[in-house]
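These are the residues of each chain, in order.
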Amino acid sequence: MVAIKTILCALDFSEVSPKVAEYAKTLAAACGAKVVALYVAPSLTQYVEFHVQASYIDDFVSGIVSGASDTMDSFIQEYFKGVPVEGRVVSGYAAEEIVNAAEEVNADLIVLGTHGRKGIDKILFGSVAEKVIKTAKAPVLSMRPEIKAG
């Protein structure tokens, strides 16, 4: 029987994140598992090539990480009540950092959302969820945002 002891929940603090958290929390409660909630801030190192000083980029990313840490603390308090949870904020390329974190914490499951990009957006930006699904050793539960009728 598969034992789920650690769930990595990748968040981007978008409108999809509460739904992603709900799935991770429900699964953690049912399995007696711990949740590791992860936010990946963009590294922005590619902009050094545009003659932007690395120190400016580092300061900017540090500000993002600091703000995201505060947001993570609030998010955890609101959405992960009743389950053991650890919040982490890192900087880098989202798919790569999610897979690295999953391996580091020995995640038995990765839960994440997808923005459901299509067409040119998908070609230009790719899909973090797709990259994680293709490279992670742990199973991945991904969910699209709900499509609202209108």
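The structure displayed is predicted, hence computed values, not measured ones.

Reading the values: the criteria
- Residues numbered from 1 in each chain as written.
- Predicted model: local features only at pLDDT ≥ 70, side-chain atom pairs only at ≥ 80, totals over all residues.
- Heavy atoms only, no water.
- Salt bridge = Lys/Arg side-chain N within 4 Å of Asp/Glu carboxyl O.
- Helix = DSSP H or I, 4+ residues; strand = E, 2+ residues; numbered from the N terminus.
- Pairing = 2+ DSSP bridges.
- Axes fitted to C-alpha atoms, helices over the stretch in contact; angles between N-to-C directions.
- Contact = heavy atoms within 4.5 Å.
- Buried < 20%, exposed > 50% of the residue type's maximum accessible area, 1.4 Å probe, protein only.
- Core = buried A, V, L, I, M, F, W, Y, C linked by side-chain atoms within 4.5 Å.
- pLDDT = per-residue confidence, 0-100.

Caption draft 1: Seen up close, the pattern of salt bridges. Summed over all chains, the structure comprises 4 salt bridges. Between Glu86 and Lys34 there is a salt bridge whose closest N-O contact spans 3.0 Å. With a gap of 52 residues between them, Glu86 in strand β3 (residues 85-91) and Lys34 in strand β2 (residues 34-41) connect regions that are remote in the sequence. Glu130 is the partner of Lys134 in a salt bridge, and the nearest nitrogen-oxygen pair spans 3.2 Å. Of this pair, Lys134 and Glu130 both sit in helix α5 (residues 128-135), separated by 4 residues, roughly a single helical turn. Taken together, the salt bridges that share partners define one network made up of Lys34, Glu86, Arg88 and Glu104.

Caption draft 2: Local environment of the sheet that holds β3. Pairing within the open sheet is parallel, and its 5 strands lie in the order β3-β2-β1-β4-β5. Both edges of this open sheet fall to β3 and β5 (140-143), since each of them pairs with a single strand only. Pairs of neighbouring strands in the sheet enclose a mean axial angle of 20°, with direction left out of account. Pairing of strand β1 (residues 6-11) with β2 involves 6 bridges; the strand directions are parallel. Directly across from Cys9, in β2, lies its bridge partner Ala37. Contacts from helix α3 (residues 94-104) reach β1, β2, β3 and β4 (109-113), with the element oriented near 155° to β2.

Caption draft 3: A look at α3. Every buried residue belonging to α3 is among Ala95, Glu97, Ile98, Val99, Ala101 and Ala102, and all of these are buried. In this structure, the buried residues of α3 make contact with β1, β2, β3, β4 and α5. One or two positions beyond α3, positive phi appears at Asn106, with a value near 55°.

Caption draft 4: Region of the structure containing the nonpolar core. With 22 residues, the main nonpolar core has Ile7, Cys9, Leu11, Val20, Phe80 and Val111 as its most contacted residues. Counting only elements with at least two residues in this core, the list comes to β1, α1 (17-31), β2, α2 (54-79) and β4. Once you skip the residues sitting within four places of it in the chain, Leu11 turns out to touch Ser17, Val20, Ala37, Leu38, Tyr39, Val40, Met72, Phe75 and Phe80. The next biggest cluster of nonpolar side chains, apart from the first, holds 18 residues, and it includes Leu8, Val40, Leu112 and Ala138.

Caption draft 5: Broad picture of the confidence of the model for the chain. For the chain, per-residue confidence averages 85 on the pLDDT scale, and 81% of positions sit at 70 or higher. Here helix α4 (residues 119-125) stands out as the least confident element of the chain, with mean pLDDT 52; β1 is the most confident, with 97.

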